[in-house]
Amino acid sequence: MSETIPKIVVITPVKNEEWILDRFLSVTSQFADLIIVADQLSNDSSVEICHKYPKVHLIQNSSDEYDEAKRQYLLIDAAREKVPGHKIILALDADEVMAANAIESEGWKAMLQAEPGTVLCFEKPDLFLSPYKAIRYTTPWPVGYVDDGVEHIPNLIHSIRVPVPSYASILHVHDVKILHYGLTRKSAQESKMRFYSSIENIKNTRSLPNRWAFYSSSKDYTKAGKLSDSEPYWYSGWQDLGINMTTIRLNNYYWYDYEVLKFFCHYGYKKFWFDDIWDFDWERCRLYAIDIGLKNIPDYKVVPPPFYIKIFSNLFANFYHLLSTAKTILGR
């Protein structure tokens with residue numbers, strides 16, 4: 001076991017997260033020694049919020065492209081530069097908030113004693129439609145690493161956020177929950193899925209039927225886990241400190257929508273006609289974006305695909321899904 005208590009360094013990418021950032025930083029400041037935030041060209045109050053928290057070290061991600069690999073390199077390199085000694089790196093998004101009982105748990109104590117080269121996995125319940133319901137999962141997420149300086153090998157999109165070397169030991173911090181607020185704003189999650197599908201179209205990182213299956217506009221998120229009531233102790237300790245854990249702010253449009261409009265402007269909207277992103281009024285969104293003065297928005301009407309394209313895409317995606325399922329069953 002390690003003889004020294006490790007520093008806890010939280011690394012977080014941010015782009016227009018003012019809706020949740022105060023909550024995240026208020027909670028994270030209770031247990032982290034340092035919070036490294038990489039802001040990617042936010043045009044809301046995210047940067048100003050970061051300046052309110054003494055433990056935050058703010059760095060700039062000046063890229064205008066979506067690239068998880070580059071931002072993970074940026075964050076991990078900054079963590080190693082700022083805290084060169086014994087440390088735990090926790091890679092948390094701004095909408096992932098540690099439950100209030102975490103730092104008193106046995107799992108937390110075990111985490112602090114873990115050897116360098118240990119991957120730390122946590123259950124990450126998806127709070128569903130409100131903070132009072134949660135989708136619970138049996139498979140934990142690798143979001144922490146007891147750092148030993150090993151090279152991180154990320155992907156462009158949907159990348160594991162911390163190093164996972166072949167020799168690593170795995171510690172499931174079973175009694176520590178990371179509360180994911182993403183699905184409390186289902187409309188924002190749907191916006192994000194449209195954005196991801198468009199990105200993967202542009203980067204050619206996922207086939208069309210795969211995009212339809214993975215980013216389906218009719219996806220039932222509850223099927224992936226078990227829907228249950230949230231646990232009051234997840235919140236109570238933070239609420240006792242005056243941290244607002246329950247207010248959720250919804251918008252008509254999100255920055256993901258505006259980014260997709262910029263893709264339309266650059267590539268033409270017909271490039272995306274076969275993606276499952278058209279259960280959304282892009283033309284109305286385009287007019288609103290122009291009204292608020294956004295740049296690089298199409299100056300022409302965005303026309304949805306003909307109905308037969310969507311029917312064909314649905315049939316193709318369903319056939320691909322059935323084929324994949326059959327291959328999985330036959331391969332057992």
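Residues numbered from 1 in each chain as written. Predicted model: local features only at pLDDT ≥ 70, side-chain atom pairs only at ≥ 80, totals over all residues. Heavy atoms only, no water.

Caption draft 1: Region of interest: empty space enclosed by the protein. The full count for this structure, using the stated rule, is 2 cavities of 30 Å³ or more. Taken together, Glu-17, Trp-19, Asp-95, Gly-182, Arg-185, Ala-188, Gln-189, Lys-192 and Tyr-256 make up the lining of the largest cavity. Ranked by residues supplied to the lining of the largest cavity, first place goes to helix 5 (residues 186-203) with 3 residues. Partitioned by chemical class, the residues of the lining of the largest cavity number 3 nonpolar, 2 polar and 4 charged. Taken as a whole, the second largest cavity holds about 30 Å³ of empty space. Tallied by class, the residues present in the lining of the second largest cavity amount to 5 nonpolar, no polar and 3 charged. (1 Å grid on protein atoms, 1.4 Å probe; cavity = no way out; pocket = protein on both sides within 12 Å on 5 of 7 lines; lining within 4 Å. Points joined across faces, edges and corners; volume = space filled by probe spheres on them. Helix = DSSP H or I, 4+ residues; strand = E, 2+ residues; numbered from the N terminus. Nonpolar A, V, L, I, M, F, W, Y, C, P; charged D, E, K, R; others polar.)

Caption draft 2: A look at helix 3 (residues 68-82). Here helix 3 is 15 residues long and its end C-alpha atoms lie 21 Å apart, about the 21 Å a rise of 1.5 Å per residue gives. Buried residues in helix 3 make contact with strand 1 (7-14), strand 2 (34-39), strand 3 (56-60) and strand 4 (87-91). Measuring from the backbone nitrogen of Ala-69 back to the side-chain oxygen at the start of helix 3 gives 3.0 Å, which picks out Asp-67 as the cap. (Expected span 1.5 Å × (residues − 1). Contact = heavy atoms within 4.5 Å. Polar contact = N/O pair within 3.5 Å; in protein donor to acceptor, adjacent residues only side chain to side chain.)

Caption draft 3: Structural view of the packing of aromatic side chains. Per the counting criterion, the structure on display carries 21 aromatic pairs. Measuring from ring centre to ring centre gives 5.5 Å for Phe-195 and Trp-255, while their planes differ by 65°; the resulting arrangement is edge-to-face. Pair noted here: Phe-195 is in helix 5 and Trp-255 is in helix 8 (residues 255-267), with a separation of 60 residues, a long-range link. Summarising the aromatic geometry, the rings of Phe-195 and Tyr-256 are spaced 5.7 Å apart at their centres and angled 50° between planes, so their arrangement reads as tilted. A residue pair is termed long-range when its members are at least 10 positions apart, and Phe-195 in helix 5 and Tyr-256 in helix 8 qualify at 61 residues. The buried category is assigned to Phe-195, whose relative accessible area is 2%. Taken together, the aromatic side chains of Tyr-66, Phe-195, Tyr-196, Phe-214, Tyr-215, Trp-255, Tyr-256 and Phe-263 make up a single cluster linked through ring pairs. It is Lys-15 that lies over the ring of Trp-255; its NZ or CZ is 5.2 Å from the centre. (Phe/Tyr/Trp six-rings, centres within 6.5 Å; stacked < 30°, edge-to-face > 60°. Buried < 20%, exposed > 50% of the residue type's maximum accessible area, 1.4 Å probe, protein only. Lys NZ or Arg CZ within 6 Å of the ring centre and 35° of its normal.)

Caption draft 4: How the structure looks around the layout of surface pockets. A volume near 1,400 Å³ is recorded for the largest pocket. Surrounding the largest pocket, 47 residues form its lining, Lys-124, Trp-141, His-158, Arg-161 and Tyr-196 being those nearest its centre. Contributing elements (two or more residues each) for the lining of the largest pocket: strand 1, helix 3, strand 9 (141-146), helix 5, helix 6 (208-214) and helix 8. In terms of residue class, the lining of the largest pocket is built from 24 nonpolar, 9 polar and 14 charged. Estimated volume of the second largest pocket: approximately 930 Å³. In terms of lining, the second largest pocket is formed by 34 residues, of which the most central are Lys-15, Trp-255, Tyr-258, Glu-259 and Lys-262.

Caption draft 5: Examining the pattern of salt bridges more closely. Considering all chains together, one arrives at 18 salt bridges under this definition. We note a salt bridge from Arg-161 to Glu-96, for which the minimum N-O separation is 2.7 Å. With Arg-161 in the loop between strand 9 and strand 10 (169-180) and Glu-96 in strand 5 (residues 96-98), this residue pair connects regions lying 65 residues apart in the sequence. Across this residue pair, the class does not change: Arg-161 and Glu-96 are buried. Here Lys-262 and Glu-259 are joined by a salt bridge, their closest N and O atoms 3.4 Å apart. (Salt bridge = Lys/Arg side-chain N within 4 Å of Asp/Glu carboxyl O.)

Caption draft 6: Just the nonpolar core, in detail. Ranked by internal contacts, the top residues of the largest apolar core, which has 46 residues, are Leu-25, Phe-31, Leu-90 and Met-98. With residues near it in sequence (within four places) discarded, Leu-25 still touches Ile-35, Val-37, Ile-49, Cys-50, Tyr-53 and Val-56. Within the second largest apolar cluster, 34 residues are counted, among which are Tyr-66, Val-260, Phe-263 and Val-302. (Core = buried A, V, L, I, M, F, W, Y, C linked by side-chain atoms within 4.5 Å.)

Caption draft 7: View of the side chain of Gln-189. On the secondary structure map, Gln-189 appears in helix 5. You can call Gln-189 buried: its relative accessible area is 11%. If sequence neighbours within four positions are ignored, Gln-189 has contacts with Gly-182, Leu-183 and Tyr-221.

Caption draft 8: Focus on the environment of Ile-202. Within the element layout of this structure, Ile-202 appears in helix 5. When the C-alpha positions of Ile-202 and Val-146 are compared, they lie 35 Å apart, and in sequence the two are 56 residues distant. Non-local contacts of Ile-202, meaning those with residues more than four positions away in its chain, are made with Phe-263, Tyr-267, Lys-271 and Phe-272.

Caption draft 9: Structural detail: unusual backbone geometry. The residue Asn-16 is not glycine, and still its phi comes out positive at about 55°. Given the relative accessible area of 13%, Asn-16 is considered buried.

Caption draft 10: Summary view of helix 8. With 13 residues, helix 8 extends 18 Å between its outermost C-alpha atoms, agreeing within 8% with the 18 Å of an ideal straight helix rising 1.5 Å per residue. On its buried face, helix 8 is in contact with helix 5 and helix 9 (282-291). In the stretch just after helix 8, Gly-268 is the one whose phi turns positive, near 90°.

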